[in-house]
Amino acid sequence: MKLKKILKSVVLGASASMFAMGAIAADDTIKVGVLHSLSGTMAISETTLKDTVLMMIEEQNKKGGLLGKKLEPVVVDPASNWPLFAEKTRELISKDKVDVLFGCWTSSSRKAVLPVIEELNGLLFYPVQYEGEESSKNVFYTGAAPNQQAVPAVDYLMNDLEVERWVLAGTDYVYPRTTNKVLEAYLVSKGVDKKDIMINYTPFGHSDWQSIVSDIKKFGGEGKKTAVVSTINGDANVPFYKELGNQGISAEDIPVVAFSVGEEELSGLDTKPLVGHLAAWNYFQSVESEANEAFIANWKTYIKDDKRVTNDPMEATYIGFNMWAKAVEKAGTTDVDTVEQALIGITVPNLTGGTAVMNKNHHLSKPVLIGEIQDDGQLEVVWETNGTVIGDAWSNYLPGSKDLIADWTAPVSCGNFNTKTAKCSGQNF
Amino acid sequence: MRTLPILLACLISFLLSLSVHASPAQLATEPSVPELLTKLTKVKLNKAIPVLKALEKQGGEGILPLFKTMLKGQLYYIKKTKALVAVNKVDGEKVYSDIFSGNILESMSKSSVKKIRVNNKVRRFLRESIARTQLSATDAEARLKALSSLLSKLDAGIIQTIKTLKIQETDEEVLALMDVAIAMFTLSNSSDSKERLSAVYTLSGRLENEVRNLFVKVVEQERDAKIKVAAERALASIEQRIEKFQFVDKLFFGLSLGSVLLLAAIGLAITFGVMGVINMAHGEMIMLGAYTTYVVQLMMPNAIDYSLWVAIPLAFIVSGSVGVLIERGVIRHLHGRPLETLLATFGISLILQQLVRTVFSPLNRQVQAPSWMSGSLDINPVLSLTMNRLYILAFALLVFGLLLLILNKTSLGLNVRAVSQNRNMAKAMGIKTDRVDAMTFGLGSGIAGMAGVALSQLTNVGPNLGQAYIIDSFMVVVFGGVGNLWGTLVAGFSLGVANKFIEPITGAVLASILVLVFIILFIQKRPKGLFPQKGRAAE
């Protein structure tokens, strides 16, 4: 039975990729580039987003495409290799002449793509939560900025759970380091003593968490309510949570709030010891809304697996795609500059029952949700913001970026405009 | 059977409360238990605690089974009748039972019941509430657990209960902890300095976090010089003891990391060390073992506790036969050309990874931990050893012992040693070197597969599992001395321990860098590792 299913999926996968490659390029199609890693370390997260974009394209085509033309996906595999992301972007824009790109997951890959996409004046939708401190004319950020995820989560812990001591644990790369810098500045501004903040970095894919978890246990055992704010990325989370469970740290004693753990990561994990730990996102599969139910049903039919889950970056992809489609229809063309201006102010429904607005700084307005992990691997909302929060490209808590704003409408038209000196730094991103 | 009278008592109290329900005067002021129970099904999550508090007050001990089911997240209610049911999973089947009587109910459709959600605040309340009633539990272990969870929440009421319970307490550990609780309360609340001083003496030497925190507070704020000095002394001695235990803790962490390194490297020690083949696909053999565990658990979802015993031999067979295939199909033809072997096996490793990605999807697979491997062995409040690490440590040593036995006591071992020492001479003596090569490679790969079963309990089971361990494995084998199993053992453990002692000082990132730098320097000095092979075999 199982074998048959597996064989079937292999055959299906092979034929699907052949179809994608063999699709004949015609002039009367709008080309959509999909730039997600299908092999290497990031394949685990990014393959899902590739499938999401393909599903959205299929649906749009069923509705008759855009501007009377069919949409045609061009899928490439940058193989979790940052320089290859830049190369593939160049290939997609200059050779395949795609009109828009959906792609990237890690900040490193986005940073690699940036110079190319600005040089060739392309259009990229980036669907993952990130560290902020960036706004490019050619990129739309549909994931959360730190003020839409990290800062509200810390607020929740501080006000609702009365946390006084903080462990900021992260993987050693740009997103956790910047986020933790923002958070540390924020906590200090709220009157938290530096002694009550412990910062810890670990390498990618770290698997031996014994001493760190035991340090956290000791740090938390000193009388004050302690919480862990985790920016630990990807695979390293599984052994981390396993170790927490084994050393008997329950969510009631020391809650862990994670920014990179969603339904998909949890599906590869035995969640019983994790019940009660938290995650902060802008979307959960468990949110009850009509749009969400329809989306989940579509996804399960498209992927032909009833057990597959949906997650936040998928919602960001969904919003990004719908916004682009709406802007193209509004502009009546796929020309990048026109679509870019048309996108600002566009609203589409999000999956949690509200509306997403694209702001002048190319970031979205999103609700912030905090969920507790349940024993079935889903996250149950325990707290949410009133209404939506506008994504902030430049953090207000970092000395260097306090005075910067991003505004891509005339007369400012700048990604890092200094409000004090009233100057655009000239740097593009 | 012993629970039966308790359950009966619950039922009676439940019925009694029902009859109380009948009097309208009572009803106006305080809602009765059944009313509260229905309320529980309607109330929003953030308003649940007042309802639970009222339930605790009204229901007394009879409410305990409800709280316990709720804490486990097994409390559901029937949508139509609003009646509460407990939903248990036994052998993969959902079993519905009455909360108070424990009677098994007819099975219902999934959509007819709804779960009553709990969050951290509710869980914390439930746990405390259960602890309060558990103080007089019949099981000494439960009493001890309840007491220690109440240490941070002592108030006059609890102390009064403890004092009355103390009179009939017989268990020594519980008695000692009761004294600690009373002493803690006296030290922080009493005004009699003599009493407080004796409380300090009772508390000195205790390792509980709460006691230490109390002492820290006393040392900071105390005005009475005598008590302050005594507290300082007590704190110093506690801290000294804690330090000692933390050293043991670190040593254990180191040994357990070492055992993982040993497990990952020991297969390589055979293929690389004995045969001289640089096998870049070694990590993928580990990965195959881990996936075997996953498949075994899929086949026997109702017997997770035994799944590892099936997975270990199966993983050996799967990885071993893949190993033999690789040897027969590829490596044999590249004999004596190390660079080509390296490239070819690297290619095989990529092929295997992508194969797993296509067959099982690129997502990580969920491997469950058997119940006997979860949790930890608590020796005292400071020192606890996690069970899974203990088992893996033992398993690594067992595998190592078995391997030594095979190499030294069997004819296969004799042949392997002969071929690795002098291939041509062995051939001349009539040993089928080709067969021995295949068997050795299969043995090494099979052991890697067994390592995969162990690693599936610690880390992700995904296509990249092998990559994470291949570098470490080579490091251990090279450091220990190529071709020497004992060297691998010593190298694995010493690298593990060194890593864990450096880590708290420098952080995890720098610790692994420092270990690598150390190995590079060491190899410069002693190119053949810790235990180089001597004699002509080494040439």
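Remember, it's a predicted structure, so these values are computed and weren't measured experimentally. (Residues numbered from 1 in each chain as written. Chains lettered and ligands numbered in written order. Predicted model: local features only at pLDDT ≥ 70, side-chain atom pairs only at ≥ 80, totals over all residues. Heavy atoms only, no water.)

On to the overall build of chain B. Scanning chain B from N- to C-terminus turns up 22 helices and 6 strands. Along the three orthogonal principal directions, the C-alpha set of chain B runs to about 100 × 70 × 35 Å. Expressed as a percentage of the 539 residues in chain B, the buried residues total 47%. Residue pairs in contact within chain B that sit at least 24 positions apart in sequence constitute 66% of those at least 6 positions apart. (Helix = DSSP H or I, 4+ residues; strand = E, 2+ residues; numbered from the N terminus. Buried < 20%, exposed > 50% of the residue type's maximum accessible area, 1.4 Å probe, protein only. Contact = heavy atoms within 4.5 Å.)

With that out of the way, let us pick up the sheet that holds strand β6 (residues 165-171) of chain A. Residues and elements named next belong to chain A. A sheet is described by the order of its strands in space; here 7 strands give the open sequence β7-β6-β8-β9-β10-β14-β15, paired in mixed fashion. If you trace the sheet from one side to the other, it starts and ends with β7 (197-202) and β15 (379-384), each paired once. Averaged over all pairs of adjacent strands, the angle between their axes in this sheet comes to 25°, without regard to strand direction. Here 4 bridges tie strand β10 (residues 278-281) to strand β14 (residues 369-373), and the two strands are oriented antiparallel to one another. Residue pairing for β14: Ala279 is matched across the bridge by Gly371. (Pairing = 2+ DSSP bridges. Axes fitted to C-alpha atoms, helices over the stretch in contact; angles between N-to-C directions.)

Whether parallel or antiparallel, the strands of a sheet pair through hydrogen bonds between backbone atoms. All names here are of chain A. Ordered in space as β2-β1-β3-β4-β5, the 5 strands form an open sheet in which the pairing is parallel. Either end of the sheet is taken by a strand with one partner, and the two such strands are β2 (70-76) and β5 (139-141). Sheet twist, expressed as the mean angle between neighbouring strand axes with direction ignored, is 25°. Pairing geometry for strand β1 (residues 29-35) and strand β3 (residues 100-103), over 4 bridges, is parallel. Bridged to Val32 within β3 is Val100. Across the sheet, helix α2 (residues 43-62) lies against β1, β2 and β3, angled at about 165° from β2, the strand it touches most.

Our focus in this paragraph is unusual backbone geometry. All names here are of chain A. Residue Pro411 follows Ala410 across a cis peptide bond; omega there is 5°. Structurally, the position occupied by Pro411 is in the loop between β17 (404-407) and β18 (414-418). Backbone geometry places Ser80, a non-glycine residue, at a positive phi of 55°. Within the secondary structure, Ser80 is located in the loop between β2 and α3 (82-95). Not every positive phi belongs to a glycine, and Cys104 is a case in point at roughly 75°. Locating Cys104 in the fold gives a position in the loop between β3 and α4 (107-119).

As a further point, take empty space enclosed by the protein. All names here are of chain A. Evaluated as defined, the whole model comprises 6 cavities of 30 Å³ or more. Each pocket or cavity is described by its volume, and for the largest cavity that value is around 140 Å³. Lining of the largest cavity is provided by 18 residues; of these, Trp105, Val128, Gln129, Tyr173 and Asn233 occupy positions nearest its centre. Tallied by class, residues from the lining of the largest cavity come to 9 nonpolar, 7 polar and 2 charged. Mapped onto the domain boundaries, the lining of the largest cavity takes at least three residues apiece from domain 1 (16-145 + 288-365) and domain 2 (147-286 + 369-390). (1 Å grid on protein atoms, 1.4 Å probe; cavity = no way out; pocket = protein on both sides within 12 Å on 5 of 7 lines; lining within 4 Å. Points joined across faces, edges and corners; volume = space filled by probe spheres on them. Nonpolar A, V, L, I, M, F, W, Y, C, P; charged D, E, K, R; others polar. Domains from an automatic or database assignment.)

Taken together, the contact between chain B and chain A spans 52 residues of the former and 56 residues of the latter. Overall, the association of chain B and chain A removes approximately 4200 Å² of surface from exposure, summing both partners, and the carbon and sulfur fraction of that is 43%. A per-residue breakdown of the area chain B buries against chain A is headed by Asn120(B), Phe253(B) and Leu363(B), which together make up 14% of the total. If you look at where chain B meets chain A, you find 6 salt bridges. Its salt-bridge partner being Arg123(B), residue Glu372(A) comes within 3.7 Å of it at the nearest N-O pair. Where chain B touches chain A, the interface holds 17 residue pairs in polar contact (both at pLDDT 80 or more). (Buried area = accessible area lost by both parts, 1.4 Å probe. Salt bridge = Lys/Arg side-chain N within 4 Å of Asp/Glu carboxyl O. Polar contact = N/O pair within 3.5 Å; in protein donor to acceptor, adjacent residues only side chain to side chain.)

Counting residues in hydrophobic clusters, the biggest one holds 80 residues, and the most contacted among them are Leu263(B), Leu485(B) and Leu495(B). With 14 residues, helix α12 (residues 225-274) of chain B is the single largest residue contributor to this core. Contact partners of Leu495(B), with chain neighbours within four places excluded, come to Leu261(B), Met475(B), Val476(B), Phe479(B), Val515(B) and Ile519(B). Formed by 59 residues, the second largest nonpolar core is a distinct cluster that contains Leu92(A), Leu123(A), Tyr141(A) and Ala327(A). (Core = buried A, V, L, I, M, F, W, Y, C linked by side-chain atoms within 4.5 Å.)

Together, Leu510(B), Ile513(B), Leu514(B), Val517(B) and Leu521(B) line one region of the surface with nonpolar side chains, adding up to about 430 Å² of accessible area. In this structure Leu514(B) comes out as partly exposed when scored by relative accessible area, which is 38%. (Patch = residues over 30% accessible without salt bridge, like charges linked within 9 Å, V, L, I, M, F, W, Y side chains within 5 Å. Areas by Shrake-Rupley, 256 points an atom, 1.4 Å probe, with all protein chains shown as cover.)

A separate point is the pairing of β7(A). All names here are of chain A. Of all the 6 residues making up β7, 5 are buried; the element is thus mostly covered by neighbouring parts of the structure. Strand direction decides the pairing type here: β6 and β7, joined by 6 bridges, are parallel. Counterpart to Trp166 in the pairing with β7 is Ile197. Taken together, β6, helix α6 (residues 174-189) and β7 form a β-α-β motif whose crossover is right-handed. (Right-handed = clockwise from strand over helix to strand, strands pointing away.)

This part takes up the confidence of the model for chain A. Residues and elements named next belong to chain A. Overall, the predicted model of chain A reaches an average pLDDT of 88, with 93% of residues at or above 70. Summarising per-element confidence for chain A, the mean pLDDT is lowest in helix α1 (residues 2-22) (49) and highest in strand β4 (residues 124-126) (97). Segment residues 10-26: pLDDT under 50, and 7 contacts once partners within four positions in sequence are set aside and those in other chains are kept. (pLDDT = per-residue confidence, 0-100.)

Okay, helix α21 (residues 485-506) of chain B next. Residues and elements named next belong to chain B. Taking 1.5 Å of rise per residue, 22 residues should cover 32 Å, and α21 covers 31 Å from first to last C-alpha, within 8% of that figure. Its side-chain oxygen placed 3.0 Å from the backbone nitrogen of Trp486, Asn484 serves as the N-cap of α21. Gly507 lies just past α21 and shows a positive phi near 90°. (Expected span 1.5 Å × (residues − 1).)

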